[in-house]
Structure formats: C-alpha cells, structure tokens
Amino acid sequence: MVVDLNNLKGLPQEFLTKLSKHDMMFSKFSSIEKFEDYKSIHQLITNIDAWCLNNKVIGYHYTNAIEDDFKKNGILIRPGHEIRNEFIKRNFHLFSSNEQDLIISKWEKVFDKEEEDLRDNIIHFNFTKNALKEGLAVDLLTYYGGEQINSALREFPGIRKKLTKIGIPLILKCTLDPNNIKTFHEYPWGRIAVSSYHKKINPDAFREDEDGYQAVAVSPENIEIIRLKRQKNKFRLL
C-alpha cells in the first residue's frame with residue numbers, strides 16, 4: 001500500500017474511524033502539541049507510524065529542472081561537484097566569462113568539506129504540500145539546479161535571473177520506502193497523518209510536516225512529475 005500523508009489517501013479506514021472519535025478535540029486545538037501526549041492519540045500516532053513503516057509513503061521533492069532528465073534517470077544520488085560539473089558542461093555558455101568566474105569562485109568558497117558532508121549524495125523530501133502553499137519552496141522552484149547550484153549565488157541577481165530560464169518548476173511526487181528516510185521527530189509518519197486529519201477538521205490548525213532525506217536514488221517509475229506555473233512569487237498547478 002502507498003499512503004499520501006498530504007491527503008491521507010491510502011490510509012486504512014480503521015485509522016480514520018478512530019481519528020474521527022476525537023473530532024471535537026481537534027476542533028478545539030490549533031496544534032498537535034496540545035494533544036499528542038493524550039494516551040489514545042499517542043497510540044494512534046504510534047500505530048499509524050508502524051503501519052507506514054510496513055508500506056510506502058509519498059514524498060514531495062520541489063525543484064526547478066529539466067523534466068526529461070527525471071523521465072530518463074529518475075532522481076540520482078550524486079556528489080555536489082558532479083552536479084556542478086554537469087551544469088558547467090550543459091549551461092555555462094549562457095553566462096558571460098565574468099559571470100562564469102564569479103560562479104566558480106563562489107562555489108569554491110561555499111562548498112567546502114563541511115558543506116559537502118551536509119549536502120552530498122542525499123535527496124530531500126517533504127511529505128505534505130505545505131511548502132507550496134506557504135511559499136517555503138519559492139527558491140527551489142524558481143531557480144534552476146537546486147541548492148547545489150543556486151544557493152551560493154544569492155548575491156548575484158543577474159546570474160540568478162538566468163537560472164530561471166533554464167528549467168521549469170516541478171514537484172516530483174515520489175513513492176518511497178520510509179525505512180530509507182531520515183527525519184527529525186519520533187514517529188514522523190504518525191504525527192504527519194494525525195496532523196493532516198486535524199487540519200481537515202480544523203482549517204485553522206497548524207499542519208505538521210517533515211524535512212526528510214534519503215541516500216537512495218528514486219527510479220523513474222516511482223516518480224509522478226507535476227508541472228507548476230509561476231505567478232509572481234507563488235506557484236499553481238498547470
């Protein structure tokens with residue numbers, strides 16, 4: 001089974017039925033932190049989390065890129081220097097010699113050993129569409145190449161403007177094994193699921209998500225590509 005924690009599609013009905021028994025409480029509180037330690041809710045969180053670990057979850061990867069690359073290769077696991085070298089081969093002709101020097105100089109300063117240890121050979125995901133709705137993914141969707149390319153170039157608006165012309169904004173909706181994903185909270189899948197249900201009952205509630213990552217490539221057959229259109233600093237589905 002595959003569960004989309006953004007909308008709870010794929011979550012067994014038995015969990016939804018048990019969650020519905022707490023609708024009055026969900027309507028009252030705006031944050032999962034107010035009730036997650038209640039015995040019955042905590043049990044639901046742990047049980048849903050355990051179920052997810054035996055199934056698949058949907059992860060959302062926000063990017064500005066070339067769509068055909070993902071159709072052919074999926075999302076690859078690569079070190080940053082490989083990503084940047086490919087960018088040079090494919091796209092450096094779009095930049096003046098002065099811009100090329102600025103890019104390389106800045107990359108050399110920013111992407112040191114510490115940065116490589118943090119960023120290389122991993123793929124980041126969210127598990128709801130919060131980042132799209134709240135504008136948290138604007139940079140990733142606007143500027144080509146992800147953080148391995150554009151994060152070091154924020155002080156160069158002319159260069160960054162050219163980066164907007166290379167790819168297109170995409171959400172990669174990926175089917176993932178949650179056992180491969182590193183997250184930052186205990187029982188992440190259960191917490192996100194309960195929070196998503198909470199949001200359905202109480203539209204004013206704060207919605208939980210995770211910034212998770214894995215060191216496992218995602219094959220093309222496990223990716224649904226969603227195209228977006230930019231309107232000012234917001235994006236909508238085409």
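Data block above holds the structure.
Just so you know, these numbers come straight off a predicted model, no measurement behind them. (Residues numbered from 1 in each chain as written. Predicted model: local features only at pLDDT ≥ 70, side-chain atom pairs only at ≥ 80, totals over all residues. Heavy atoms only, no water.)

### Details of the packing of aromatic side chains
Definition in use: Each Phe, Tyr or Trp ring, with Trp reduced to its six-membered ring, pairs with another whose centre is within 6.5 Å; inter-plane angles below 30 degrees give stacked pairs, above 60 give edge-to-face pairs, and intermediate values give tilted ones. Where helices and strands are cited, they refer to DSSP runs of H or I of at least four residues and of E of at least two residues respectively, numbered from the N terminus. For each residue, the accessible area found with a 1.4 Å probe, counting protein chains only, is set against the maximum for its type, and the residue is called buried under 20%, exposed over 50%, and partly exposed in between. Two conditions define a charge sitting above a ring: the NZ of Lys or the CZ of Arg must be within 6 Å of the ring centre, and it must be within 35 degrees of the ring normal.
Under the defined criterion, the tally for this structure stands at 11 aromatic pairs. Relative to Tyr-197, the ring of Phe-26 has its centre 5.6 Å away and its plane inclined at 65°; by these criteria the two rings are edge-to-face. Of the two residues, Phe-26 sits in helix α2 (residues 23-28) while Tyr-197 sits in helix α12 (residues 188-201), which places them 171 residues apart along the sequence. You can call Tyr-197 buried: its relative accessible area is 8%. An aromatic cluster of at least three residues, connected via ring pairs, comprises Phe-87, Phe-92, Phe-95, Trp-107 and Tyr-144. It is Arg-84 that lies over the ring of Phe-111; its NZ or CZ is 3.9 Å from the centre. Over the face of the ring belonging to Tyr-143 we find Arg-160, whose NZ or CZ atom lies 3.7 Å from the ring centre.

### Observations concerning the packing of helix α1 (residues 13-20) against helix α3 (residues 39-53)
The following threshold applies: A fitted line through C-alpha atoms represents every axis, and for helices the fit uses only the stretch in contact; the resulting angles, taken between N-to-C directions, go from 0 to 180 degrees. Under this scheme an angle from 65 to 115 degrees is roughly perpendicular, one under 35 degrees roughly parallel, and one over 145 degrees roughly antiparallel; angles in between are oblique. Take the far helix as the reference: if the near one is turned anticlockwise from it by less than a right angle, the crossing is left-handed, and if turned clockwise, right-handed. When checking whether two residues touch, look at their non-hydrogen atoms; a contact exists if any pair is within 4.5 Å.
Running from amino to carboxyl end, α1 crosses α3 at an angle of 165°, the nearest separation of the two axes being 11 Å. Relative to α3, the element α1 is oriented roughly antiparallel. In this structure, α1 crosses over α3, and the sense of that crossing is left-handed. Only Leu-44, Asn-47, Ile-48 and Trp-51 of α3 make contact with α1, whose side of the interface consists of Phe-15, Lys-18 and Leu-19.

In short, geometric facts, not functional conclusions.
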